[in-house]
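What follows is each chain in one-letter form.
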Amino acid sequence: MLTVREHIVRDIRIGGENSLRDGLLTVAAEQILGLATHPVIRSLELHVARPGENVRIIRILDAIQPRAKGGDGVVFPGFLGPARVAGGGETHILTGTALLTVSVLPRAQEALIDMAGPGAGICPLAKEHLLILEFTPVEGAPWGEYEAAIRLAALRIAAHVGGIARSAPPDRSLCVPPTSSAIGLPRVGYIYNIQAQGSFKDTFVYGRSARDILPTLISAGELLDGAVVSGNYSHPSLKNSTYAHLTNPIIRELLSRDGDDLAFAGIILKPEPVTLEGKELAAEYAANLASLLNWQGTIVTKEGGGNADTDLFLAAERCERRGVRAVLLMAELAGPDGRTPPLLGSLPEADALVSVGNYEEPVSVPSVERVIGGDSLRLADGPVAGPLTIPTAPIFGALSPVGIGSLRARAQ
Amino acid sequence: MAKELEREGIPTALLCNIVPIALAVGANRVVPTRGIQYPTGDPSLPREQEEAWRERLLLTALKALETEVSGPTVFPSEERGEGGR
Amino acid sequence: MLRVVHYVNQFFAGLGGEEKADLKPEVRSGPVGPGRLLQSLLQGKGEVVATLICGDTYFAEQPEEACRRLADLLFTLKADLMLAGPAFASGRYGLACGEVARMALNELTIPAVAAMHHENPGVQAAAAGAYIVPCGSSAASMKEALPPLLALGIKLASGSALSPNVDGYLPRGIRKNVTADLPAAVRAVNMVLAKIAGRPFTSEIPLPQFDRVTPAPPVPDIRQATVALVTESGLVPAGNPDRIESSRASHFARYSIGGLRGFAPGEFESVHGGYSTDLANADPNRLVPLDVARRLEEAGRIARLYDYYFTTVGNGTSVQKAQAFAREIASEIRRSGVQAAILTAT
């Protein structure tokens, strides 16, 4: 059993002593900077961005919701401590806030957050108080090493900041059991696709790349303790950041309704292989697990662009063949004018779809006073602080595959 | 495009990797490949063997072009599971 | 007070039947024919200030000229809303109504709605963006047909958000992002519980409708055949001389392979934006198998390879564009005696 202590953050200040009092989170800069010492990290600069502020953040790599264990154990096992199965004891989490890692990185697709204006309205993280970790690399450092170093630093900082909440009274507590004890209710599970396709497009489970794993069971508590960490810098709005793995709304909804109108029957973590053969095996294997566990229905989410739609459709096909009813969440590729058929292909079993929005719909954002993260954008012509018209795609988390965003597409 | 060529009376062998989608979309003569990024290749093989695989694929495509089909049909060039990758 | 302009054909304007179908566009002050009923339904919310009339045959034979004249008239009338029809099952009238509604909305930015039977060929204008309200198939249902036409028109003119399901018009094939009323996770759990219980649910994304194409007859003897190589992998001569776009390609190209025994790395490259092209660029024959195809040609397994290969990028390419490319390619290769094609996709 995991007991989660939630602490709501309403503002962040940098400086002074570490504290969390009445929602004001104060973080001492020096301690944070000290956690980022590494031969390939040249510098770390801290910034704060608040909802409604006239600021744009670019070159975003990952987002992390701060947390720390209350007693024994570590969060982000495999990174911050030995890879022991997590999900027990007590974990403090800070809500209303997130850490962002910002840096130049090759092959990372340009990602952007505006804290005010039309871009903010469709970006889930624009409603959070953001502590931004802007890293720069030592010149000549191998990018793979640098990327690993900033990930580790960011996770350390997330745990350090989470630790500030230990002594504060929580706003809410939540018990997360390892399995459901509900009986006589529909057994609903969750097949959780993660993209683990090699460097800079990877996802880590207990510190190891999930690239070649077979689908496997994992519990909500383990995810809350950071067993799954993102190293994926493609598709800013279609990928699962670490924040997404930690706050996954599908899991939250299933937990909250467990015992009411459903029995939360489990989570299957499933990779998205790059070959058709790999995809078919993974879909079969996951569907087989679901069937062995007597699931009556499953929600399936994906990560990434159009290629991952095949993983979703195959999962639906193999589940439905075994009598497990499937509902899929996906973004649409309906073109800039909304006229292109929204899906590239399909299978007949993919008949229950939840939309998280049209990836290509243009958004016009106004100019901003301040930009964090860099002084140029590859995304669009014109100055980085200027007005832009961009597709919804680069807005970080706007089309979150696990439903953190607020968009859907509709026929008009 | 394969469908449209067929509609115009040109038998067309489609070499692609994601076969279920090709079938669902309605391509009639589908030849499975080993990878998305290399439809007529296999970079995991040494050059000679890769060319031999390419030849196998092409011969399958030619056979598909000579075969009467009544709807979306897959023409494999190998047993599933071959390749040990 | 909405300034409403009503579009009707020669028959509903009371000017005559087929013999008057070549009538050029003209305008009458106030409502005419069924427009009078529209006027009474408006109940002070607006006024049918004018009626545009055009003969169905004239429109069918000279659609651009007809639209040009009607556009000029609409513009001069300062219409706030244009309503066309109802055309019921009348095909040419429906085509005209649909096109006029589309033109007014898309080109003049005047809110416009047409009404016709859902099987009227004129409904094709919906796919081009026109708002079309379905109605009965005969003019006997005029009284039932007008209120929905007017209601949608008024709502459209007011700037309210519309959706086919709620407001009862034919799907336009346009999807727009909106803020969802419930979080996706809640909708997903609700949907799966409905699916498990066998209760009805509504999927939020339409599945593509794929038509079946009758397979082309096979080549009787491929050893006697000329075969063309086609690709959507984006393989082009180095430098991309015809500037094929790496996504949403607007055209295709043909390049000569006469005398070429294979694609040399460095001389050809892929410009496809949807996959990592390193492996393909290291050996472009991995995208279009020219080297082996040439050997098979020499060995007599085919009669010959067509002298050109065709290429485009299949990354986010619209279905209509892809179909248009294929039709052009088919027409060229048929004229040149090609009997079959090999198409490589990424």
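Residues numbered from 1 in each chain as written. Chains lettered and ligands numbered in written order. Predicted model: local features only at pLDDT ≥ 70, side-chain atom pairs only at ≥ 80, totals over all residues.

1. Some words on the overall build of chain A
A tally of helices and strands in chain A yields eight helices and 26 strands. For 412 residues, the compact-globule estimate of 2.2 N^0.38 gives 22 Å, and chain A sits close to it at 21 Å. Seen through its C-alpha atoms, chain A measures out along the principal axes to roughly 55 × 50 × 40 Å. Taken across its 412 residues, chain A has 58% of its residues classed as buried. (Helix = DSSP H or I, 4+ residues; strand = E, 2+ residues; numbered from the N terminus. Rg over C-alpha atoms; globule rule 2.2 N^0.38 Å. Buried ≥ 20, exposed ≤ 12 C-beta atoms within 10 Å, placed from the backbone.)

2. Considerations on the overall build of chain C
Across its full length, chain C carries eleven helices and 13 strands. For 346 residues, the compact-globule estimate of 2.2 N^0.38 gives 20 Å, and chain C exceeds it by more than 25% at 27 Å. Along the first, second and third principal axes, the C-alpha set of chain C runs to 80 × 55 × 40 Å. Each of the 346 residues in chain C was classed as buried or not, and the buried ones make up 47%. At a minimum sequence separation of 6, the contacts of chain C that also span at least 24 residues come to 72%. (Contact = placed C-beta atoms within 7 Å.)

3. Remarks on the pairing of strand β1 (residues 2-8) of chain A
All names here are of chain A. As judged from the seven bridges shared by β1 and strand β9 (residues 89-95), these two strands associate in the parallel manner. The partner of His7 across the bridge, within β9, is Leu94. Sheet analysis places β1 next to strand β13 (residues 172-176), joined by five bridges and oriented antiparallel. Following the sheet pairing, Thr3 is matched in β13 by Cys175. (Pairing = 2+ DSSP bridges.)

4. Describing the interface of chain A and chain C
Counting residues at the interface gives 47 residues for chain A and 35 residues for chain C. Elements that contribute at least two residues to the side of chain A that touches chain C include exactly α6 (249-257), β20 (297-301), β21 (325-332), β22 (353-358) and β26 (407-411) of chain A. Grouping the constituent residues of the side of chain A that touches chain C by class yields 23 nonpolar, 13 polar and eleven charged. Relative to strand β7 (residues 175-179) of chain C, β26 of chain A runs antiparallel, the two sharing five bridges. (Nonpolar A, V, L, I, M, F, W, Y, C, P; charged D, E, K, R; others polar.)

5. A word on the interface of chain B and chain C
At the junction of the two partners, chain B supplies 40 residues and chain C supplies 42 residues. The element best represented in the side of chain B that touches chain C is helix α3 (residues 47-66) of chain B, accounting for eight residues. Looking at the side of chain B that touches chain C residue by residue, the classes come out as 20 nonpolar, ten polar and ten charged. With four bridges joining them, strand β1 (residues 12-16) of chain B and strand β13 (residues 340-344) of chain C adopt parallel strand pairing. Bridge assignment links Leu15 of chain B to a residue of β13 of chain C, and that residue is Thr344 of chain C.

6. Focus on the nonpolar core
The biggest cluster of nonpolar side chains holds 143 residues, and the ones touching the most others in it are Ile57, Leu99, Leu100, Ala315 and Leu328 of chain A together with Ala188 of chain C. Those residues in contact with Leu99 of chain A that sit more than four places away from it in its chain are Ala63, Ile64, Pro66, Leu131, Leu133, Ala154, Ile157 and Ala158 of chain A. Listed in part, the 65 residues of the second largest apolar core include Leu57 of chain B together with Ala225, Phe263 and Leu290 of chain C. (Core = buried A, V, L, I, M, F, W, Y, C linked by C-beta atoms within 7 Å.)

7. Here's the deal with the sheet that holds strand β8 (residues 67-69) of chain A
All names here are of chain A. With respect to topology, four strands assemble into an open sheet ordered β8-β9-β1-β13, the strand pairing being mixed. Strand pairing shows two members of the sheet lacking a second neighbour, β8 and β13, which therefore form its edges. Each adjacent strand pair in this sheet contributes to an overall mean axis angle of 20 degrees, direction not counted. Where β8 meets β9, three bridges bridge the pair, whose relative direction is antiparallel. Along β9, the bridge assignment pairs Arg67 with Ile93. Along the sheet face, helix α3 (residues 143-163) touches β8 and β9 and points at about 75 degrees away from the line of β8. (Axes fitted to C-alpha atoms, helices over the stretch in contact; angles between N-to-C directions.)

8. A closer look at the packing of helix α1 (residues 34-42) of chain C against helix α6 (residues 142-157) of chain C
Residues and elements named next belong to chain C. Close contact between α1 and α6 brings their axes to 10 Å; oriented N to C, the two are set at 55 degrees. Between α1 and α6, the angle is such that the two are oblique. Crossing geometry of α1 relative to α6 is assigned as right-handed. Across from Pro34, Leu37, Leu38, Leu41 and Leu42 in α1, the residues of α6 making contact are Met142, Leu146, Pro147 and Leu150. Class assignment of the residues belonging to the contact of α1 with α6 gives a composition of nine nonpolar, no polar and no charged. (Parallel < 35°, antiparallel > 145°, perpendicular 65-115°, else oblique. Left-handed = near helix turned anticlockwise from the far one by under 90°.)

9. Describing the domain arrangement of chain C
The domain boundaries assigned to chain C delineate domain 1 (2-167) and domain 2 (222-344). The C-alpha-based centres of domain 1 of chain C and domain 2 of chain C are spaced at 47 Å. (Domains from an automatic or database assignment.)

10. What about unusual backbone geometry?
Residues Gly85 of chain C and Pro86 of chain C are joined by a peptide bond in cis, for which omega reads 10 degrees. Non-glycine residue Asp22 of chain A carries a positive phi angle of around 50 degrees. Turning to its location among the elements, Asp22 of chain A is positioned in the loop between β3 (19-21) and β4 (24-27). You can call Asp22 of chain A exposed: it has 8 C-beta atoms within 10 Å.

11. Notes on the sheet that holds strand β16 (residues 208-209) of chain A
Residues and elements named next belong to chain A. Spatially, three strands are ordered β16-β15-β18 in an open sheet, and the strand pairing comes out antiparallel. The open sheet is flanked by β16 and β18 (228-232), the only strands paired with a single partner. Summarising the sheet, strand β15 (residues 201-205) and β16 pair through two bridges and their orientation is antiparallel. Its bridge partner being in β16, Phe204 is matched across the sheet by Ser209.

12. Topic: the packing of α6 of chain A against helix α8 (residues 184-197) of chain C
What describes two packed helices is the angle between their axes and the distance between those same axes. Axis separation between α6 of chain A and α8 of chain C bottoms out at 8 Å; the angle between their running directions is 55 degrees. Classified by the angle between their axes, α6 of chain A and α8 of chain C sit oblique to one another. Where α6 of chain A crosses over α8 of chain C, the handedness of that crossing is right-handed. Contacts between α6 of chain A and α8 of chain C involve Pro249, Ile250, Arg252, Glu253, Leu254 and Arg257 of chain A from the first element and Ala185, Val186, Ala188 and Val189 of chain C from the second. Residues that form the contact of α6 of chain A with α8 of chain C fall into these classes: seven nonpolar, no polar and three charged.

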